[in-house]
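Read off the chains here:
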Amino acid sequence: MTMGQSPDGSTYSETPSDYILVQGNADLKDGWVSPRIWTTQKTKTADAGDLIMSVRAPAGAMGKTTYNVVIGRGVAGIKGNEYIYQYLVKMDLDSYWKKLASGSTFESIKSEDINRAEFMMPRDIDEQDRIGEYFRNLNHLITLHQCKYNYLLRLKDCIFSFIVKTTWEQRKFTLVFDFLQNNAISRAELAKDGEVMNVHYGDILVKYAEILDIATNEITYLMDSSIAKKYQASLLKNGDVIIADAAEDETVGKCTEITGLLDEIVLSGLHTIPCRPKMKYAESYLGYYMNSDAYHNQLLPLIQGTKISSISKSAIKTTWISAPISEQEQAKIGVYFNKINNLITLHQCKYNYLLRLKDCIFSFIVKTTWEQRKLGDCFTERVESMPDGELISVTIKDGIKKFSELGRHDNSNDDKSKYKKVCVGDIAYNSMRMWQGASGYSPYEGIVSPAYTVISPNLGIYSKCLAYQFKLPEMIRTFQVNSQGITSDNWNLKYPALSQIEIFVSKDEEEQTQIAEYFANLDNLIALHQRKLEKLKNIKKSCL
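Below is a summary of the structure that appears in this document.

## Describing a negative patch on the surface
Taken together, Asp-508, Glu-509, Glu-510 and Glu-517 make up a surface patch of like negative charges. On the accessibility criterion, Glu-510 (46% relative accessible area) is partly exposed.

Written out as structure tokens, the structure is:
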């Protein structure tokens with residue numbers, strides 16, 4: 001560590017000269033040195049790659065430098081790796097330095113305060129590097145969320161400029177569209193490649209969004225391309241809309257607008273109604289409007305059928321199409337919903353990523369000090385009964401929940417004398433569904449069905465950590481392999497078989513606790529993304 005020393009004030013300049021001067025926190029931007037002042041006098045220095053700590057107002061704020069710099073008395077230069085940097089950032093967040101700071105006008109810390117500070121760190125340099133890299137990536141993720149948050153605030157401010165209706169008009173469907181001809185080619189007659197593309201109604205219902213970009217979406221092809229000769233007058237163009245006229249539910253009428261078509265040959269396939277606008281509409285507008293509740297609700301009373309729902313051309317002819325007179329306004333609406341779709345896709349990808357991250361995170365944090373132990377050494381089966389406790393349930397997705405919170409009909413036995421007691425910190429699991437992940441850590445005291453197994457942690461085991469391990473795919477596969485029974489309907493995993501399964505466990509219970517806390521925070525993050533994803537879908541739906 002090198003405490004800074006300010007050069008003579010007469011050597012300062014705002015024009016780039018000999019040396020970049022870092023005087024204090026004002027010279028750090030987003031955690032990095034941002035050149036602001038230069039000096040011709042070299043006093044104390046820090047090298048590119050060093051860490052920079054603010055020692056005065058605010059004391060403890062951290063940054064890095066990619067330049068060789070002169071450091072003034074408001075900062076200190078520190079030689080250290082990414083782990084050291086991240087640890088110092090945490091100390092600042094925990095207000096460690098504020099407790100040591102002195103000074104009435106400007107708080108400051110001394111070199112001896114920094115030198116006496118104690119660190120917790122792995123002895124293994126590689127492990128330090130892995131932890132430092134992990135938290136650096138986490139910082140990038142946080143920064144991304146901050147940018148997205150700021151973007152959504154701006155979006156909120158300008159949203160009305162996209163969707164406020166000025167002069168709109170309503171027209172009969174028949175005045176807006178001409179019907180084209182579709183074919184009746186079944187899925188069995190389609191292939192993954194070929195010369196003539198064919199849009200199948202099943203893909204409209206399940207696979208395609210409101211806009212079908214021919215250039216980027218995966219589309220099936222006719223096995224026999226010669227069929228296209230019969231439909232030369234109905235080859236699809238950009239702006240055409242294809243409606244699915246059959247479905248198993250009220251999604252019948254879902255449609256997609258063709259875009260991105262160059263010289264490809266595209267036909268409208270089985271159970272579809274292809275439509276071509278008689279006048280020009282802005283790209284994407286019709287695709288979004290005709291999938292909105294505003295339009296689709298017109299179709300609901302026109303749907304026919306019980307097992308299979310369908311809608312006819314004659315019924316569709318009776319509907320109305322609403323649109324702004326201004327093509328420019330139509331275009332803005334299309335652009336807006338394209339952005340909403342991209343945002344939803346981003347959140348869906350992030351949500352899926354976090355689920356995968358949760359599954360594989362142990363490969364990042366398993367320490368070399370972990371040992372392999374049998375579950376029978378970690379847990380003891382709890383066989384006590386407690387007939388008067390609150391009924392709790394073990395779910396595959398959400399672990400243990402109070403039964404009263406699930407909104408289900410209670411079909412449990414009136415006689416609960418054999419129901420098993422569950423204490424806070426126990427793990428309960430469904431013996432016949434353990435191979436599907438039906439287990440969980442219990443934050444409650446209560447009772448479960450006698451068909452369940454309850455295990456309590458032995459000394460040195462923090463059960464919440466192992467409860468997370470029980471949910472890992474490889475662990476669930478292990479439970480499946482060790483389940484007994486001929487078919488999956490009667491597979492079961494009782495405690496004697498469970499007790500022989502081996503698992504890697506940290507020797508340090510405190511480490512187990514920290515890992516469990518990490519996963520609890522990750523669960524909260526996943527739940528947050530799930531809520532944000534649903535919120536964005538609702539925003540899109542309400543705007544439409």
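Here the narrative resumes.
## With respect to helix 1 (residues 82-93)
Counted at 1.5 Å a residue, the expected span for helix 1 with its 12 residues is 16 Å, and the 16 Å between its end C-alpha atoms agrees. All buried positions along helix 1 are accounted for by Glu-82, Tyr-83, Ile-84, Tyr-85, Gln-86, Leu-88 and Met-91. Sitting at the head of helix 1, Asn-81 places a side-chain oxygen 3.2 Å from the backbone nitrogen of Tyr-83. Following helix 1 by one or two positions, Ser-95 has its phi on the positive side, about 60°.

## Here's the deal with the sheet that holds strand 7 (residues 44-46)
Taken in spatial order, the five strands line up as 2-6-3-10-7 in an open sheet, and their pairing is mixed. If you trace the sheet from one side to the other, it starts and ends with strand 2 (12-13) and strand 7, each paired once. Both strand 3 (residues 19-22) and strand 6 (residues 37-39) contribute to a ladder of three bridges, which runs antiparallel. Among the inter-strand pairings, Tyr-19 is bridged to a residue of strand 6, identified as Thr-39.

## Side note on the sheet that holds strand 30 (residues 427-430)
Taken in spatial order, the four strands make up an open sheet running 26-33-30-31, and their pairing is antiparallel. Where the open sheet ends on each side, the last strands, each with one partner, are strand 26 (379-381) and strand 31 (439-441). Within the sheet, the average angular offset between the axes of one strand and its neighbour, ignoring direction, is 25°.

## Here we look at the pairing of strand 28 (residues 399-402)
Sheet topology places strand 27 (residues 392-395) next to strand 28; four bridges connect them, and they run antiparallel. Looking at strand 28, one finds that Thr-395 is bridged to Gly-399. Taken together, strand 27 and the strand that follows it, strand 28, pair antiparallel across an intervening segment of three residues.

## Some details on the nonpolar core
Grouped together as the largest cluster of nonpolar side chains are 33 residues, with contacts concentrated most on Phe-173, Phe-177, Ile-243, Met-290 and Ile-321. Setting aside residues no more than four positions away along its own chain, Met-290 makes contact with Phe-173, Phe-177, Val-241, Ile-243, Cys-255, Tyr-295 and Ile-321. Core analysis: the second largest hydrophobic core is formed by 30 residues, Tyr-468, Phe-479, Ala-516 and Leu-522 among them.

## A word on the environment of Val-22
Considering the arrangement of structural elements, one finds Val-22 in strand 3. The sequence separation of Val-22 and Trp-38 amounts to 16 residues, and the corresponding C-alpha distance is 8.5 Å. In this structure Val-22 touches Asp-27, Val-33, Ile-52, Val-69, Val-70, Ile-71, Gly-72 and Val-75, once residues within four positions along its chain are discounted.

## Describing the packing of aromatic side chains
Within the structure shown, the criterion is met by 17 aromatic pairs. Taking 5.3 Å as the distance between ring centres and 85° as the angle between the ring planes, the aromatic pair formed by Phe-470 and Phe-479 counts as edge-to-face. Taken as a pair, Phe-470 and Phe-479 share a single burial class, namely buried. In textbook terms, an aromatic cluster arises when at least three aromatic residues are bridged by ring pairs, as seen for Tyr-134, Phe-135, Tyr-468, Tyr-518 and Phe-519. When the ring centre of Tyr-419 is taken as origin, the NZ or CZ atom of Lys-416, which lies over that ring, is 5.7 Å away.

How each quantity is defined
- Residues numbered from 1 in each chain as written.
- Predicted model: local features only at pLDDT ≥ 70, side-chain atom pairs only at ≥ 80, totals over all residues.
- Heavy atoms only, no water.
- Patch = residues over 30% accessible without salt bridge, like charges linked within 9 Å, V, L, I, M, F, W, Y side chains within 5 Å.
- Areas by Shrake-Rupley, 256 points an atom, 1.4 Å probe, with all protein chains shown as cover.
- Salt bridge = Lys/Arg side-chain N within 4 Å of Asp/Glu carboxyl O.
- Lys, Arg positive; Asp, Glu negative; His and termini not counted.
- Charge placed at Lys NZ, Arg CZ, Asp CG, Glu CD.
- Buried < 20%, exposed > 50% of the residue type's maximum accessible area, 1.4 Å probe, protein only.
- Helix = DSSP H or I, 4+ residues; strand = E, 2+ residues; numbered from the N terminus.
- Expected span 1.5 Å × (residues − 1).
- Polar contact = N/O pair within 3.5 Å; in protein donor to acceptor, adjacent residues only side chain to side chain.
- Pairing = 2+ DSSP bridges.
- Axes fitted to C-alpha atoms, helices over the stretch in contact; angles between N-to-C directions.
- Core = buried A, V, L, I, M, F, W, Y, C linked by side-chain atoms within 4.5 Å.
- Contact = heavy atoms within 4.5 Å.
- Phe/Tyr/Trp six-rings, centres within 6.5 Å; stacked < 30°, edge-to-face > 60°.
- Lys NZ or Arg CZ within 6 Å of the ring centre and 35° of its normal.

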